[in-house]
Each structure stands twice: as C-alpha cells, then as structure tokens.
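Take a look at the letters that make up each chain.
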Amino acid sequence: MIKNGHHTSSEQGIESGAKQGDLACSPEKRKRSVRVWCDGCYDMVHYGHSNQLRQAKAMGDYLIVGVHTDEEISKHKGPPVFTQAERYKMVRAIKWVDEIVEGAPYVTTLDTLDKYNSDFCVHGDDITLTVDGKDTYAEVKREGRYRECRRTQGVSTTDLVGRMLLMTKTHHSNIDNSDYQQHTDNFGKGPKGHSPWTGVSQFLQTSQKIIQFASGQEAQPGDTIIYVAGAFDLFHIGHVDFLETVYKQAERPYVIVGLHFDQYVSEVVIGAPYAVGKDLLDHFKVDLVCHGKTEVFPDRDTADPYAEPKKRGIFRTVDSGNGLTTDDIVQRIIKNRLLFEARNQKKEAKEIAVFEAMKSQAEGEQAGDTAQAAQ
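Worth saying up front: this structure is predicted, and the values here are computed from it rather than measured.

Criteria and cut-off values
- Residues numbered from 1 in each chain as written.
- Predicted model: local features only at pLDDT ≥ 70, side-chain atom pairs only at ≥ 80, totals over all residues.
- Heavy atoms only, no water.
- Helix = DSSP H or I, 4+ residues; strand = E, 2+ residues; numbered from the N terminus.
- Buried < 20%, exposed > 50% of the residue type's maximum accessible area, 1.4 Å probe, protein only.
- Contact = heavy atoms within 4.5 Å.
- Areas by Shrake-Rupley, 256 points an atom, 1.4 Å probe, with all protein chains shown as cover.
- Pairing = 2+ DSSP bridges.
- Axes fitted to C-alpha atoms, helices over the stretch in contact; angles between N-to-C directions.
- pLDDT = per-residue confidence, 0-100.
- Patch = residues over 30% accessible without salt bridge, like charges linked within 9 Å, V, L, I, M, F, W, Y side chains within 5 Å.
- Salt bridge = Lys/Arg side-chain N within 4 Å of Asp/Glu carboxyl O.
- Parallel < 35°, antiparallel > 145°, perpendicular 65-115°, else oblique.
- Left-handed = near helix turned anticlockwise from the far one by under 90°.
- Nonpolar A, V, L, I, M, F, W, Y, C, P; charged D, E, K, R; others polar.
- Right-handed = clockwise from strand over helix to strand, strands pointing away.

**Some details on the overall build of the protein**
Okay, step 1: Broken down by element type, the protein carries 15 helices and 11 strands.
Okay, step 2: Taken across its 375 residues, the protein has 48% of its residues classed as buried.
Okay, step 3: Within the protein, contacts between residues at least 6 apart in sequence are counted, and of these 77% link residues at least 24 apart.
Okay, step 4: For the protein, the exposed surface amounts to about 18700 Å²; the carbon and sulfur share of it is 50%.

Okay, structure coming up:
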C-alpha cells in the first residue's frame, strides 16, 4: 500500500539529479513565498508530467502551470490528442499545482514570468523546440531565471501515442479496427538516429519512485472510507471526473483507489484484487464502494466482483457526467494517425540535430581545455 493525500506544502524531496546550488534561494527570497512557473502542452498527462510538477513544487512555495492552446501546439508540434479544455482540467487535478494559466505562450519569456510574479521557471533536462528549431527557454536561460529537474526516463507522450497505435484487440477487445494490426512502429525511430529525450524506452517503476508521491496521511475518526477499483489505464479526464464525483459522496471522504496519484485520492492499493471481497473491506474498514457507469465484467469464476459490497448495502454507482473512455482516446489517435506519426518523427529529428550540436560543442570545449592544460 502506498499512502497518498491532498495538497501539502513542500514535503516532497528534491530529485537527486537536481543541483542544490541551483535550487537554493537567498535568505531574502525565503522571507516571502517563492513562486515557480512551469509550462507545457500536458497532452495525455502521465507519470512524467506529474513527477516534473512534483519536483518543481519542491523548489518553491507556489506552483503556477501554463498550458498551451490547441492552436499553439498544432503550430509547433502537431495536433494534440486532448482538447485545451480537457488539458486545463487535467492539470488542475494534479495535487502540486496551485494555479494554472490557460493559453500560455509556447515560448517562455521574461515578460510571462514577470506577469505572473514568478521567480523562475522549471523544465526537465530535455529540450523543447519551436517550429523553427529554437529553444523555447533561451531567453529565461540567458537571464538566469531557469531551473532544471530530472526528466522521468522511459515515459513520454510520444511513447504513449505509439503504444496506443500499436494496441491489439486482445488489449481493447471492443475495438474492431484494422489499423491496430496494420500499424508498424514508427515511434522513437527518427530518420537519422534515436533522440535521447523522447524516443520510446522501457519505464521501470521502483519503490523509490513510488514513495516520492506518498504523503503518509492516515484516515481520521469521522472520515468516510470510500473504495474504488479499476485499471485506470491511460489516466485521463474521464477518470478525474469520476474520482471527483466519488470524492463528493461524503462530507469527509478518505478515498482508497488503485492505481493513481491525484488530489482526490487518499491511499493507493498496489495489485488490488479484481473482486472486492470481505478481507479487503474489513482490512480497510470500507464504508462505501463506488463504481462508474462503465460495464462491470464478471470475475474469472463468472461471479460479480462487487457481490460482497452489494450484500452489505455499501455499493453505489456514480455518474461523473463524463463518458470519455480509453477506447475513445485510441479512436482519436487513429483518426489522426498519419499526422501523429509525422509529428513525432519531425520532433525526433529536430531533437537529434540539437543533441548532436550540443555534443560537438562539449567535445570542442573539452579538447580546448586539454590543449590549454598541455601548454
């Protein structure tokens, strides 16, 4: 079990890859609230996005997140999977976010930081480029108002889109579309190599990664303990709306769920059993079990997985008002498959070019230092 919780101040530790000197604030700054700025597309929000925002919040006191419009993203990268309204709401649901700015400019400038009284901006240790190949953080980097956090290895929107296009009917049996079988892996394979930032790689979860999201909050006397279960595969705005609705089922809810970290979740059970049985209900002292409007599939023995909570009279079906499913998202991606393929390959090609230039510059500086030392 991993305990999670609601908004906290700054209990999250700074990622080990971040330099303490870069993150330290002067005593004068520490006398007031340090405001941190992050921005991005936040399309198909995943663990990497949440981990970036967790690290950014740990660098200050108040986290502002700018989210780009559909128009801006389409101009610089290609069409997003989610609409801007969906992306705004998804980012708001991440517990480390204090404020979001809708329609943030794609290029981060000093004017933007000043407008929102931000001390500095934070981005991962990869690079974000405009449509003409320029670093979107060049200006704030020059002025010393840029900080880096460690990018989460093995997970990216590029990877997720690729996986969605490669899914077979054995994964989502209710989709009958030949695109699943015919599509070949065009992700993470640029025309001249492999980008170190967004190429497809294996994401490996560890206990250390999981515990960084734990707040250690326990249920308190008077809390209503609510249990929900689901795969929560490709966590999306439909899941957020469902959990928010569940959260509103009681005056003092303590929500136990598998398998995600978000502001409506109090505790996570890893590897939760499919059937919500007596042992689970008794162990967590569950007062209420909720399920959405989606179909409930029988257990392997054809039994109703919610038979026990129904028997106890603590089962409730909740309607979030949002019918979006993972299958719907897959269909969106398939509809724009060629555009996504072109977008990802173009993005990878630009990243490779920048990476090679940075590598050559570093090698040149190293050679110069070696020659100077030999004199």
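Picking up after the structure, the text goes on.
**Topic: the sheet that holds strand E4 (residues 99-102)**
Okay, step 1: The strand order across the open sheet built from five strands is E4-E3-E2-E5-E6, with neighbouring strands paired in parallel fashion. Here the strands that pair on one side only, and so sit at the sheet edges, are E4 and strand E6 (146-149). Pairwise comparison of adjacent strand axes, ignoring direction, gives a mean angle of 30° for this sheet.
Okay, step 2: Two elements, strand E5 (residues 120-124) and E6, share four bridges in a ladder whose sense is parallel.

**Remarks on the confidence of the model for the protein**
Okay, step 1: Looking at the protein, pLDDT values average 75 and 64% of them are 70 or higher.
Okay, step 2: Per-residue pLDDT, averaged within each element of the protein, yields its smallest value for strand E1 (residues 2-3) (32) and its largest for strand E3 (residues 62-67) (97).
Okay, step 3: Contacts of residues 1-24 to residues separated by more than four positions or lying in other chains number 68 contacts, the stretch itself having pLDDT below 50.
Okay, step 4: Low confidence marks residues 168-193, where pLDDT is under 50. Its contacts with residues over four positions away, or in another chain, come to 54 contacts.

**Remarks on the environment of Leu280**
Okay, step 1: Residue placement: Leu280 occurs in helix H12 (residues 278-284).
Okay, step 2: A relative accessible area of 10% places Leu280 in the buried class.
Okay, step 3: Put simply, Leu280 and Tyr227 are 53 residues apart on the chain and 9.6 Å apart in space, counted from C-alpha to C-alpha.
Okay, step 4: If we skip the residues at most four places from it in the chain, Leu280 touches Tyr227, Pro273 and Val286.

**Section: a nonpolar patch on the surface**
Okay, step 1: Side chains of Tyr274, Val296 and Phe297 sit close together on the surface and give an oily, nonpolar patch of about 290 Å² of accessible area.
Okay, step 2: Note on placement: Val296 falls in the loop between strand E10 (288-291) and helix H13 (307-312).

**A closer look at the packing of helix H5 (residues 84-92) against helix H11 (residues 237-247)**
Okay, step 1: Two numbers describe how H5 lies on H11: the axes approach to 9 Å, and their chain directions differ by 50°. When the interaxial angle is binned, H5 and H11 end up oblique. The handedness of the crossing between H5 and H11 comes out as left-handed. Here Glu86, Lys89 and Met90 of H5 come into contact with H11, specifically with Ile237, Val240, Asp241 and Glu244.
Okay, step 2: Of the residues belonging to the contact of H5 with H11, the class tally is three nonpolar, no polar and four charged.

**Observations concerning the side chain of Ser118**
Okay, step 1: Along the chain, Ser118 falls in the loop between helix H6 (110-115) and E5.
Okay, step 2: Judged by its relative accessible area of 3%, Ser118 is buried.
Okay, step 3: Ignoring anything within four residues of it in the chain, the contact list for Ser118 reads Arg35, Trp37, Ile64, Leu113 and Arg145.

**Let's talk about H11**
Okay, step 1: For H11, the buried fraction is high: 10 of the 11 residues fall into the buried class.
Okay, step 2: Turning to H11, its buried residues number three or more, namely Ile237, Gly238, His239, Val240, Asp241, Phe242, Leu243, Glu244, Thr245 and Val246.
Okay, step 3: Buried residues belonging to H11 abut H5, strand E7 (224-228), strand E8 (253-257), E10 and helix H14 (326-335).

**Considering the side chain of Glu86**
Okay, step 1: By secondary structure assignment, the location of Glu86 is in helix H5.
Okay, step 2: Apart from the residues within four sequence positions on either side, Glu86 is in contact with Ile237, Leu324 and Arg332.

**Overview of the environment of Phe242**
Okay, step 1: Tracing the chain through its elements places Phe242 in helix H11.
Okay, step 2: A relative accessible area of 12% means that Phe242 is categorised as buried.
Okay, step 3: Excluding anything up to four places from it in sequence, Phe242 contacts Val228, Phe232, Cys290, His291, Gly292, Val318 and Ser320.

**Some thoughts on the pattern of salt bridges**
Okay, step 1: Inspection of every chain in the model, using the stated rule, returns 13 salt bridges.
Okay, step 2: When the shortest N-O distance is used, the salt bridge between Asp241 and Lys89 registers 2.7 Å. A residue pair is termed long-range when its members are at least 10 positions apart, and Asp241 in helix H11 and Lys89 in helix H5 qualify at 152 residues.
Okay, step 3: Asp241 gets classed as buried once you look at its relative accessible area, which sits at 9%.
Okay, step 4: The salt bridge partner of Asp223 is Arg252, with a shortest N-O separation of 3.1 Å.

**Structural notes on the pairing of E3**
Okay, step 1: Among the six residues of E3, five are classified as buried, and the element is accordingly described as predominantly covered.
Okay, step 2: Of the strand pairs in this sheet, strand E2 (residues 35-40) and E3 are connected by six bridges, and their pairing is parallel. When the sheet's bridge partners are listed, Cys38 is paired in E3 with Val65.
Okay, step 3: The β-α-β motif built from E2, the intervening helix H3 (residues 47-58) and the parallel element E3 has right-handed crossover chirality.
Okay, step 4: Note that E3 and E4 share four bridges and pair parallel.

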